[in-house]
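Single-letter residue listing:
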Amino acid sequence: MRLPHPAAIAGILALTLGIPGVSAMQAPPAAAAASPYSYADIADLASAAPIALHARIYKATALKPAQAPGVAAGYARFYVESDVVSLIRGAGPLAARISYLVDLPLDAKGKPAKLKKKQPVLLFARPVAGTTAGSSNTGSVQLIAPDAQLPWDPATEARLRAVLTELVKPGAPPAITGVANGFHVPGTLPGEGETQLFLNTSTGEPVSLTIMTAADGSRRWAAAFGEIVDASAAVPARGTLAWYRLACGLPRQLPLSKLAGTAPEDRRKAASDYSVVLGALGECTRTRKAPIG
């Protein structure tokens, strides 16, 4: 097969051919088994990708090293054409057949992986700026990460749709970018205390943490996504957008410099309270490692 010129491989997003978008709010398909990808894996991709779709491989060609600059060791780059099954997220119609580049790990013998015709995949992509539609039925997209082609299965699509449903809700929890400031104050009884931490977010929307310590040493905490600080709010459940924003966005240690004006002993108590929050949230588990560009 003769490959397109490298500029063409970088590609275009054709919006003129008729596969309509499928709403992210559509009910997800039944999942017979758990997805092999964690909530964080899917949320990382879904929150960054303006296009998410279910497709089937039509043709895949492994590129020679000279055609694939920057490929990580142990990976091979493919030029892929796929037929769109459904547009899960995206504005406007998409071409019936699209092309893109993807990096896949080599097998145990150091050979490029095999991509079979009609193999189902999930793609997370963006339009390619500054190009125009071609004359064929193949548009081009750019994956948001070298490995942003995932094997499709019903459970992974269901998880994707659940994440997208949360992302588009009004007031959806924003990405956490750090700790802005905070304080700890002792209570009226010995052992009592309260820590409040105010977080920086990607949108500027307020997010705060409140940790209450009772006289018997027991602690409870809550996260507030919005202006109102509600110490009685429920702890975010694992596998929700609020949990993901906190578990995957909070620093692993409380930056004590953000507690300006707080006495050293109260800073230590605030750090201890913060560790309780991190322990309750648990690890932000990811199985994919490639950065999103």
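Criteria and cut-off values
- Residues numbered from 1 in each chain as written.
- Predicted model: local features only at pLDDT ≥ 70, side-chain atom pairs only at ≥ 80, totals over all residues.
- Heavy atoms only, no water.
- Helix = DSSP H or I, 4+ residues; strand = E, 2+ residues; numbered from the N terminus.
- Buried < 20%, exposed > 50% of the residue type's maximum accessible area, 1.4 Å probe, protein only.
- Contact = heavy atoms within 4.5 Å.
- Areas by Shrake-Rupley, 256 points an atom, 1.4 Å probe, with all protein chains shown as cover.
- Phe/Tyr/Trp six-rings, centres within 6.5 Å; stacked < 30°, edge-to-face > 60°.
- Lys NZ or Arg CZ within 6 Å of the ring centre and 35° of its normal.
- Polar contact = N/O pair within 3.5 Å; in protein donor to acceptor, adjacent residues only side chain to side chain.
- Salt bridge = Lys/Arg side-chain N within 4 Å of Asp/Glu carboxyl O.
- Axes fitted to C-alpha atoms, helices over the stretch in contact; angles between N-to-C directions.
- Parallel < 35°, antiparallel > 145°, perpendicular 65-115°, else oblique.
- Left-handed = near helix turned anticlockwise from the far one by under 90°.
- Nonpolar A, V, L, I, M, F, W, Y, C, P; charged D, E, K, R; others polar.
- Core = buried A, V, L, I, M, F, W, Y, C linked by side-chain atoms within 4.5 Å.
- 1 Å grid on protein atoms, 1.4 Å probe; cavity = no way out; pocket = protein on both sides within 12 Å on 5 of 7 lines; lining within 4 Å.
- Points joined across faces, edges and corners; volume = space filled by probe spheres on them.
- Pairing = 2+ DSSP bridges.

K.L.:
Describe the overall build of the protein chain, naming the residues involved and giving the relevant values.
P.N.:
Per the secondary structure count, the protein chain includes 5 helices and 11 strands. Expressed as a percentage of the 293 residues in the protein chain, the buried residues total 40%. In the protein chain, 69% of the contacts between residues at least 6 apart in sequence involve partners at least 24 apart. Summed over all atoms, the accessible surface of the protein chain reaches about 14600 Å², with 57% contributed by carbon and sulfur.

K.L.:
Go over the packing of aromatic side chains, please, and point to the residues and values.
P.N.:
Throughout the structure, instances matching the rule amount to 3 aromatic pairs. The interplanar angle of 80° and the centroid separation of 6.3 Å between the aromatic rings of Y39 and W243 together place this pair among those described as edge-to-face. Here Y39, found in helix α2 (residues 39–48), pairs with W243, found in helix α4 (residues 241–249); they are 204 residues apart in sequence, far enough to count as distant. The same class applies to Y39 as to W243, namely buried. Residues F183 and F198 carry aromatic rings whose centres are separated by 6.4 Å and whose planes lie at 40° to one another, so their mutual orientation is tilted. Here the residue F183 occupies a position in strand β8 (residues 176–186), and F198 occupies one in strand β9 (residues 193–201), the gap between them amounting to 15 residues. One residue, R97, lies across the ring of Y58, its end atom 3.5 Å from the ring centre.

K.L.:
Break down the side chain of S99 for me, citing the residues and quoting the values.
P.N.:
In this fold, S99 is placed in strand β3 (residues 97–105). A distance of 2.6 Å separates polar atoms of two side chains, one belonging to S99 and the other to S140.

K.L.:
Please give an account of the pattern of salt bridges that cites residues and values.
P.N.:
The full count for this structure, using the stated rule, is 7 salt bridges. Of the charged contacts, one joins E157 and R161 as a salt bridge, the two residues approaching to 2.8 Å between their closest N and O atoms. With E157 and R161 both in helix α3 (residues 154–167) and 4 residues apart, the pair spans about one turn of that helix. You can call R161 buried: its relative accessible area is 2%. When the shortest N-O distance is used, the salt bridge between D273 and R219 registers 2.7 Å. One end of the pair, D273, is in helix α5 (residues 264–281); the other, R219, is in strand β11 (residues 219–225), with 54 residues separating them in the sequence.

K.L.:
For the packing of α2 against α3, give the residues involved together with the corresponding values.
P.N.:
For the pair α2 and α3, the least separation of the axes is 9 Å and the interaxial angle reads 55°. The angle between the axes of α2 and α3 places the two elements in the oblique class. The handedness of the crossing between α2 and α3 comes out as right-handed. Counting all contacts with α2, which are made through Y39, I42, A43, A46 and S47, the residues of α3 involved are T156, R159, L160, V163, L164, E166 and L167. Of the residues contributing to the contact of α2 with α3, the split by class is 8 nonpolar, 2 polar and 2 charged.

K.L.:
Outline the nonpolar core, supporting the account with residue identities and numerical values.
P.N.:
Formed by 64 residues in total, the largest nonpolar core has its most connected members in Y100, F124, L209 and L250. The residues touching Y100, leaving out its near neighbours within four places in the chain, are I57, F78, Y79, V80, S82, V121, L123, V141, L143 and Q149.

K.L.:
Please set out the layout of surface pockets residue by residue, giving values where relevant.
P.N.:
As a volume, the largest pocket reaches approximately 430 Å³. If you go around the largest pocket, you meet 21 residues; those closest to its centre are Y75, D103, L104, P105 and D147. The residue makeup of the lining of the largest pocket, split by class, is 12 nonpolar, 4 polar and 5 charged.

K.L.:
Can you tell me about the sheet that holds β9, naming the residues and giving the values?
P.N.:
The antiparallel open sheet is built from 4 strands, whose spatial order is β8-β9-β10-β11. Edge positions in the open sheet fall to β8 and β11, since each of these has one partner strand only. On average, adjacent strands in this sheet sit at an angle of 15° to one another, irrespective of strand direction. Looking at chain direction, β9 and strand β10 (residues 207–213) are connected through 7 bridges and run antiparallel. For Q196, the partnering residue across the bridge sits in β10 and is T210. Where α5 meets the sheet, its contacts fall on β8, β9, β10 and β11, and the angle it forms with β11 comes to roughly 75°.

K.L.:
Account for the environment of K117, with residues named and values stated.
P.N.:
Mapped onto the elements of the fold, K117 is located in the loop between β3 and β4 (120–126). K117 gets classed as exposed once you look at its relative accessible area, which sits at 56%. Separated by 36 residues in sequence, K117 and E81 have C-alpha atoms that sit 9.8 Å apart.

K.L.:
Tell me what's going on with the pairing of β4, and back it up with residues and numbers.
P.N.:
Remember that side chains alternate between the two faces of the sheet whenever the strand is regular. Along β4, 5 of the 7 residues are buried, which leaves the element largely enclosed by surrounding structure. Sheet analysis places strand β1 (residues 51–62) next to β4, joined by 6 bridges and oriented antiparallel. From the neighbouring strand, H54 faces β4, where its bridge partner is L122. Sheet analysis places β4 next to strand β7 (residues 149–151), joined by 3 bridges and oriented antiparallel. Across the sheet, the residue bridging to L123 is Q149, located in β7.

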